[in-house]
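Descriptive analysis of the structure
As a plain string of letters, each chain reads:
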Amino acid sequence: MDNLKGNRLTGKNVVVTGAGSRETGYGIGQAISILFASQGAKVLVVDSDKDRGDRTVSKILNNGDIASLCLADVSKSSECKKVIENIITNYGSLDVLINNVGVGSSGSVVDIDENKYERVMDTNLKSMVYMSKFAIPSMIKNGGGSILNMSSFVAIRSGGFGPAIPYALSKAGVMALTQQMCHDHGPDGIRVNCIAPGHVYTSMVADRVDSQMRDLRRKAAPLQIEGTAWDVAWAALFLSSDEARWISGVTLPVDAGLLTASPISMLNRLTN
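The notes below deal with the structure included here. Since the model is a prediction, treat every value here as computed from it, not as a measurement.

The next subject is the pattern of salt bridges. Evaluated as defined, the whole model comprises ten salt bridges. Put simply, E243 and R8 hold a salt bridge, and the shortest N to O gap is 2.8 Å. In this pair, E243 sits in the loop between α7 (229–240) and β9 (251–254) while R8 sits in the segment before β1 (13–17), placing the two residues 235 residues apart along the sequence. Since its relative accessible area comes to 46%, E243 is described here as partly exposed. Among the residues examined, R8 registers a relative accessible area of 28% and is labelled partly exposed. The residue D242 makes a salt bridge to K12 at a minimum N-O spacing of 3.3 Å.

Below you can see the structure in the form of structure tokens.
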């Protein structure tokens, strides 16, 4: 968390969904929220869990920056509308929307659970549709804005902990959503981009990854450096800032080069 302070988002009002975090480590939404606030933004932290959301807000306030919590289940359209109303009421406008919230689920197409499938699609994809639905009119009134959707490398290539059809489908849908929204709302001055993280070590996976698996995940990418939530947050900062004013419709892998590698090409590095 060193050297986070700056002014790259001064005057910007930001919504980050899924911005809470577990007690240990940092989640991607939490890191984005802390970094953006440190860069001058006012951040509305959105989470369905009060303790996790409060944890992020407290870190921001303790840094001397500005944030508040909105409790919401963004898998429901009415809750998405509530979030946008909240930031307009409290901060006056909306400049940046970070559609970060996500949940995982395992299963191939033959053993998929219908309820879990619907929960993943509602949380990971439908939430982004409806958050954007209510955010875009406010951004248009404000002269434009930036929307960043969080996808995953598994939308392009399998390689998680096992079969994960619901998660992979939802994250592939996020990429398609990004492309369509970029096309539809570019004339409104709204940029829409996407990040596809690789094997990032965050609080979300910490309880599922032992030291051996953690090392394999690190070795699987050409850089062989373990990624953290902060690596994703810095990429998100660039895409959300005015520095990226001419960038829209991009899916940016943040993965240490993982998507360039095949299992055979990495075999010697994985086994040594």
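According to the stated counting rule, one finds one aromatic pair in the structure shown. Directly above the ring of F134 sits K133, whose terminal nitrogen or CZ lies 5.7 Å from the centroid. The ring of Y201 carries R214 above its face, with NZ or CZ at 3.6 Å from the centroid.

What follows deals with the environment of S68. Among the secondary structure elements, S68 is positioned in strand β3 (residues 66–71). Excluding residues within four positions of it along the chain, S68 makes contact with V43, L44, V45, V57 and Y91.

Inspection of the secondary structure puts K171 in helix α5 (residues 165–185). The charged side chain of K171 is buried without a salt bridge, its nearest counter-charge being D47 at 13 Å. A distance of 3.0 Å separates a polar side-chain atom of K171 from the backbone oxygen of M150. With sequence-adjacent residues up to four places away left out, K171 is seen in contact with V101, N124, M150, S151, S152 and A155.

Another aspect to go through is helix α2 (residues 50–62). Given a rise of 1.5 Å per residue, 13 residues ought to cover 18 Å, and the 18 Å separating the end C-alpha atoms of α2 matches this to within 8%. Residues of α2 that are buried include every one of G53, T56, V57 and I60, and no others. In a view along the axis of α2, the buried residues occupy a sector of 95°, so they form one face of it. Those residues of α2 that are exposed and aimed more than 90 degrees away from the buried face are D51 and N62. Contacts from the buried residues of α2 go to α1 (28–38), β2 (42–47) and β3.

Where α1 contacts α7, the two axes come as close as 8 Å, and the packing angle between them is 50°. If you check the angle between α1 and α7, you find them oblique. Crossing of α1 over α7 shows right-handed handedness. In this structure, α1 contributes I28, A31, I32, I34, L35 and F36 to the contact, and α7 contributes A229, W230, V232, A233, W234, A236, L237 and S240. Across the contact of α1 with α7, the residue classes tally to 13 nonpolar, one polar and no charged.

In terms of nonpolar packing, the biggest core is built from 33 residues, with V14, I32, F36, V43, I98 and I195 touching the most fellow members. Counting only elements with at least two residues in this core, the list comes to β1, α1, β2, α2, β4 (96–99), β5 (145–150) and α7. When residues in this core are grouped by element, the largest group, eight residues, is from α7. Residue contacts for I32: discarding those within four places in its chain leaves V16, I98, M150, A233 and A236. Counting 31 residues, the second largest nonpolar core, distinct from the first, contains C70, I87, L94 and I147.

So, on to unusual backbone geometry. Residues apart from glycine generally show negative phi values, whereas peptide bonds are mostly found in trans. With a phi angle near 55°, Q224 is a residue other than glycine that sits in the positive phi range. By the secondary structure assignment, Q224 is in the loop between α6 (211–219) and β8 (227–228). Even without a glycine there, the phi angle at A256 is positive, about 60°. Looking at the secondary structure, you find A256 in the loop between β9 and α8 (267–271). A256 gets classed as partly exposed once you look at its relative accessible area, which sits at 21%.

Let us now look at α1. Most of α1 is tucked away, with eleven of its eleven residues classed as buried. Buried residues of α1: I28, G29, Q30, A31, I32, S33, I34, L35, F36, A37 and S38, and no others. In the segment just after α1, G40 is the residue with positive phi, at about 100°.

Basis of the calculations
Residues numbered from 1 in each chain as written. Predicted model: local features only at pLDDT ≥ 70, side-chain atom pairs only at ≥ 80, totals over all residues. Heavy atoms only, no water. Salt bridge = Lys/Arg side-chain N within 4 Å of Asp/Glu carboxyl O. Helix = DSSP H or I, 4+ residues; strand = E, 2+ residues; numbered from the N terminus. Buried < 20%, exposed > 50% of the residue type's maximum accessible area, 1.4 Å probe, protein only. Phe/Tyr/Trp six-rings, centres within 6.5 Å; stacked < 30°, edge-to-face > 60°. Lys NZ or Arg CZ within 6 Å of the ring centre and 35° of its normal. Contact = heavy atoms within 4.5 Å. Lys, Arg positive; Asp, Glu negative; His and termini not counted. Polar contact = N/O pair within 3.5 Å; in protein donor to acceptor, adjacent residues only side chain to side chain. Expected span 1.5 Å × (residues − 1). Arc of directions from axis to C-beta. Axes fitted to C-alpha atoms, helices over the stretch in contact; angles between N-to-C directions. Parallel < 35°, antiparallel > 145°, perpendicular 65-115°, else oblique. Left-handed = near helix turned anticlockwise from the far one by under 90°. Nonpolar A, V, L, I, M, F, W, Y, C, P; charged D, E, K, R; others polar. Core = buried A, V, L, I, M, F, W, Y, C linked by side-chain atoms within 4.5 Å.

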